[in-house]
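Fold and contact review
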Amino acid sequence: MLLFQLKEYQKTELPISAWLENPDRLYQKEHVHDCYEMVLVCRGTGWCAVNGRRFPMLHGDLYVLRPGDLHEFTNNPGMRFYNVMFSDGMLSAAEIKILEPVLKKYGKYTFSASVFDRLTSLLAELCSELQFSRPGQNLAVKAVFLRFLLELLRNRRIVPLPKQPGGDPRPAARLLDLVIKRCREKLTLDDLASVTGGSPEYAGRLFKKLTGITFSDYLARCRIELACVRLKNTSASISEIAAELGYYDIAYFDKCFKKIIGIAPSTYRMNLAAGGSVQQS
């Protein structure tokens, strides 16, 4: 079993580390940490498993993991997330008691767009404070970190982790793996049924029960994230990229892209070419 230790990531004497990651690996095998870990997904889709329960990783999600929680994840190309690791030493006993609702059990949280923007801004500030040694660095790091935790405490919306039938995590893993590996194809509920057994309708209900999101919504997110990667890294036309991902109606592709990313694919590519930031809704 892999054990990741906080001391391997610390850049200061404070027991905390934070960074923005765009992983080059598509799978991180099972491991544990000797500290808390928080993951805020800024872009991308995938799945993660915590203590045997598997669920989708989606833009805007925040995952809280306790020391010793067993977890693994896989992701599509283009995933980006903030990762924060810290120990109890960052907080006083009184602060831990106040923040107990977001520290003492693992969970998945979701937020409004405005709160998510504040969280990402605070994590960007936290990374900056940890990176550059300036007067009062330790005070600044703790101040920003406490503001981040208070945003979680005051604005979190808990998403119940899906229960696996009989405690068996494999059905969810098989379904999510199928979508991730074959999302370029014309997947249907019939394909899910070939994995789960039973009718296509049963497969659809099971997918929603196990993951908390419908099959069609998850498939669309996977495809659009891949479209973002193609728009960024290739010169293929938008219609070519759409067709590669199973969208033969360019107007429908444009509509789906706007729904998930917030802007049209043509605007997304122009922003990248101009060197500007691309905001996802």
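Rules behind the numbers
Residues numbered from 1 in each chain as written. Predicted model: local features only at pLDDT ≥ 70, side-chain atom pairs only at ≥ 80, totals over all residues. Heavy atoms only, no water. Core = buried A, V, L, I, M, F, W, Y, C linked by side-chain atoms within 4.5 Å. Buried < 20%, exposed > 50% of the residue type's maximum accessible area, 1.4 Å probe, protein only. Contact = heavy atoms within 4.5 Å. pLDDT = per-residue confidence, 0-100. Salt bridge = Lys/Arg side-chain N within 4 Å of Asp/Glu carboxyl O. Helix = DSSP H or I, 4+ residues; strand = E, 2+ residues; numbered from the N terminus. Phe/Tyr/Trp six-rings, centres within 6.5 Å; stacked < 30°, edge-to-face > 60°.

1. Considering the nonpolar core
Counting residues in hydrophobic clusters, the biggest one holds 38 residues, and the most contacted among them are Phe207, Tyr218, Ile224, Tyr247 and Phe257. Leaving out residues up to four positions away in the same chain, isoleucine 224 has contacts with Tyr247, Phe253, Cys256, Phe257, Ile260 and Ile261. In this structure, Met38, Val64, Val115 and Leu123 belong to the second largest nonpolar core, which totals 35 residues.

2. Observations concerning the confidence of the model for the protein
For the protein, mean pLDDT is 85; residues scoring 70 or higher make up 89% of the total. Overall, residues 164-169 carries pLDDT values under 50, and its contacts beyond four positions in sequence, including any with other chains, amount to nine contacts. In the model, residues 277-281 has pLDDT below 50 throughout and makes 16 contacts with residues more than four positions away in sequence or in other chains.

3. Description of the pattern of salt bridges
Applying the stated criterion across every chain yields a total of ten salt bridges. With its nearest N and O atoms 3.0 Å apart, the salt bridge here joins arginine 118 to glutamate 151. Of this pair, arginine 118 sits in helix H3 (residues 113-131) while glutamate 151 sits in helix H4 (residues 137-155); the two residues are 33 residues apart in sequence, bridging distant segments of the chain. Judged by its relative accessible area of 16%, glutamate 151 falls in the buried class. What emerges from the salt-bridge pattern is a single network uniting Arg182, Glu185 and Asp191.

4. Some remarks on the packing of aromatic side chains
Aromatic rings considered in pairs are described by the distance between their centres and by the relative angle of their planes. Counted by the stated rule, this structure contains ten aromatic pairs. Arranged with centres 5.4 Å apart and planes meeting at 5°, the rings of tyrosine 9 and tryptophan 19 form a pair that is stacked. With tyrosine 9 in the loop between strand E1 (2-4) and strand E2 (16-21) and tryptophan 19 in strand E2, this pair connects stretches of sequence that are ten residues apart. By relative accessible area, tryptophan 19 is classed as partly exposed at 22%. Centre to centre, the rings of phenylalanine 253 and phenylalanine 257 are 5.9 Å apart; their planes meet at 55°, and the pair counts as tilted. Residue phenylalanine 253 and its partner phenylalanine 257 are located together in helix H10 (residues 250-261), separated by four residues, close to a single helical turn. We classify phenylalanine 257 as buried; its relative accessible area is 0%.

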